[in-house]
Amino acid sequence: MSTTSTEPQPTEPPSRALRAAFRAFAAIEKVGNKLPNPFWLFWILAGVVIVLSAILAATGVSTVHPGTHDTIEVRSLLSKAGLTTMVEGAVDNFATFPPLATILIVGFGIAVAEASGLFTTLLRRMVARVPGKYLTFALSMTAMVAHVAGDAAYVTLIPLGALIFRAAGRSPVLGCVVAYVSISAGYDASPAITTTDTLLSSISTAAAHTIDPDHVVTPVANYFFGLASSVLVALVITVVVEKVIARRSDLDPDEPVKALTVEELKAVEVTPEQRRALRRTGVAALVFVAVVAVAMVPADSPLRGEHGSLVESPVITGMSVVLFLFFSLLGWVYGRAAGTFRTANDIVDALVEGARSYAPILVLFFAISQFLAYFKWTNIGDVIAIEGAETLKGMHLSGWTVLVGIAVLITFMNLVITSGSALWALAAPVLIPMLMLIGIEPATTQAVYRVADSVTNCVTPMSPYFAMCLGFIQQHKKSAGIGTLASFTIPIAAVVWIVWVAFFVAWYLLGIPFGVG
């Protein structure tokens, strides 16, 4: 009795350059697979900090703060004070970890909207009736909006992309590729505020406090740049796909493209009830935004900040709560109109399910929070940031050159550490203070990080969604393997990286605000 392997088989790439790229990615995958789970990785890093702090403290390593002129010495975690800090501070380290409450609160709201079916219906509505010549851009732009749904966007949009392209008489393989690349390569670009905004901004704020205790990076600190980037990335993906990828001969599925069956049409079409529910949800969204906007008009409004400030208002600094209320409201309105929510207990069930989905993140956050607390207490980060800033000043590099260098560094790190929050938690405590000391705002550093953190998501086999996309493609083309998908994603990612980084540099040099705040 013979068996057929379901493991993806590598496909010989068409060019020498791609063969070299595949060998490099194979090496990265091999190294990455040897790394421990991120939970254990941060505990290992915590152990390194403990030992390193003892060595540096014993050798008297110190620096002088350029602002206060105070001497900052490295403190040993193996001292009595250090050991007391690690034991007594463990609970507080976790409980006060900036992203913890933020990601949970926003995640609860998104869980309600997702459980109601709002996101799935909205994504289907956005691409179901698009003319064929605009299909690629429409699907790519829909993916930018889908970032609101987080990782659920992959599960919803990749198979939907295949169906939409097939309905238009085009290759479903290409539909999978467009959806996957748009979600992953442009993950940190969106026309809407997402959980990524609240998560990264909270980590950035904590890192900025090393230099300025009053500095706040708001969830909308990169909004203008993210909005423009979402359109740019969608356009770049569309051009590369239509001018290069769509002309390849190996896109044809195993069977000729046929008309959709009745069941497949139901998966694509939006029913009259769902359209009505979407209209009511749209009205609810407009009313919510209008009420908040009107409430902020009076100069003495409680929704304004100190001295009537809009930037430092509770709406901006408390964006996580606003997003929770917004998504919960939309989910409830849609669920009631579409019949997916019948009682108030359905919302409770959605919240519970949402909490379950965030359990892996909470486990990871426990390890990250301890590592960052150790790193901060020892002053190692301060010493690295101050000395690094002095080195950069001595090299007389322009700001944009430093930022591009950081983009290159983060790009390669992201090939192995695919978790955006974990990578930023590792990089922010050093990069943000160091660049603040040479005059680069935290919001700017965060923006360049988001560019570099996004693009390589679609090419690294370390990403679990790489395998997921390959599985969807193999439903239409059984011979497809890792090499097949990589040969599609690498050219797109390379062009997106070059254009997006150039766009960032132009934005920075022109002095355009990256967002609010």
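Calculation notes
Residues numbered from 1 in each chain as written. Predicted model: local features only at pLDDT ≥ 70, side-chain atom pairs only at ≥ 80, totals over all residues. Heavy atoms only, no water. Helix = DSSP H or I, 4+ residues; strand = E, 2+ residues; numbered from the N terminus. Buried < 20%, exposed > 50% of the residue type's maximum accessible area, 1.4 Å probe, protein only. Contact = heavy atoms within 4.5 Å. Areas by Shrake-Rupley, 256 points an atom, 1.4 Å probe, with all protein chains shown as cover. Core = buried A, V, L, I, M, F, W, Y, C linked by side-chain atoms within 4.5 Å. Patch = residues over 30% accessible without salt bridge, like charges linked within 9 Å, V, L, I, M, F, W, Y side chains within 5 Å. Salt bridge = Lys/Arg side-chain N within 4 Å of Asp/Glu carboxyl O. Phe/Tyr/Trp six-rings, centres within 6.5 Å; stacked < 30°, edge-to-face > 60°. Lys NZ or Arg CZ within 6 Å of the ring centre and 35° of its normal.

Visitor: Can you help me understand the overall build of the protein in this one?
Guide: Summing up its helical and strand segments, the protein has 23 helices and two strands in all. Buried residues in the protein amount to 51% of all 517 residues. Restricting to contacts in the protein with at least 6 residues of sequence separation, those with at least 24 account for 79%. When the accessible surface of the protein is summed, it comes to about 23400 Å², and 65% of that surface belongs to carbon and sulfur atoms.

Visitor: Would you explain the nonpolar core in this entry?
Guide: One recurring pattern in soluble globular proteins is that nonpolar side chains are buried together. Counting 121 residues, the largest nonpolar core has L157, Y180, I368, W424, I492 and W500 as the members making the most contacts within it. Excluding anything up to four places from it in sequence, I368 contacts F42, F97, A422 and A425. F119, A152, F327 and L330 belong to the second-largest nonpolar core, a separate cluster that totals 26 residues.

Visitor: I would appreciate a short explanation of the environment of S421 in the present structure.
Guide: Its place among the elements puts S421 in helix α20 (residues 420–436). Take S421: its relative accessible area is 14%, and that puts it in the buried class. Note: C-alpha distance between S421 and I203 (218 residues apart in sequence) is 8.5 Å. Here S421 is in contact with L199, I203 and F365, once residues within four sequence places are set aside.

Visitor: Sorry if this is basic, but what is going on with unusual backbone geometry here?
Guide: Trans is the common state for peptide bonds, and a negative phi is the common state for residues other than glycine. Of note, N379 is a non-glycine position whose phi angle comes to about 70°, a positive value. Along the chain, the position of N379 falls in the loop between α17 (359–378) and α18 (380–395). A positive phi angle, near 55°, is found at H396, a position not held by glycine. Residue placement: H396 occurs in the loop between α18 and α19 (399–414).

Visitor: Teacher, can you tell me more about a nonpolar patch on the surface here?
Guide: Where nonpolar side chains cluster on the molecular surface, the patch consists of W40, I44, V48 and L52 and spans about 390 Å² of accessible area. Along the polypeptide, L52 turns up in helix α2 (residues 38–58). When its relative accessible area of 35% is taken as the criterion, L52 is described as partly exposed.

Visitor: Explanation requested: the packing of aromatic side chains in the structure shown.
Guide: The description of two aromatic rings rests on the distance between their centres and on the angle between their planes. Counting across every chain of the model gives 23 aromatic pairs. Ring plane angle 65° and centroid distance 6.4 Å describe the contact between Y223 and F224, whose orientation is recorded as edge-to-face. Grouping aromatic residues by their ring pairs yields a cluster made of F225, F503, F504, W507, Y508 and F514. For R75, the ring lying beneath its charged end belongs to W377, and the centroid distance is 4.1 Å.

Visitor: Which parts of the structure should I look at to understand the pattern of salt bridges?
Guide: In a structure, side chains of opposite charge can pair up when their charged atoms sit close to one another. Enumeration over the complete set of coordinates arrives at three salt bridges. Salt-bridge contacts for R356 lead to E353; the nearest nitrogen and oxygen are separated by 2.9 Å. Pair noted here: R356 and E353 are both in helix α16 (residues 344–357), with a separation of three residues, about one helical turn. Residue E353 is classed as partly exposed on the basis of its relative accessible area of 48%.

Visitor: What should I look at first to understand the side chain of T142 in this one?
Guide: Relative to the elements of secondary structure, T142 occurs in helix α7 (residues 135–146). T142 sits in the buried class, given a relative accessible area of 1%. When neighbours within four sequence positions are excluded, T142 is seen to be in contact with L123, M126, V127 and L157.

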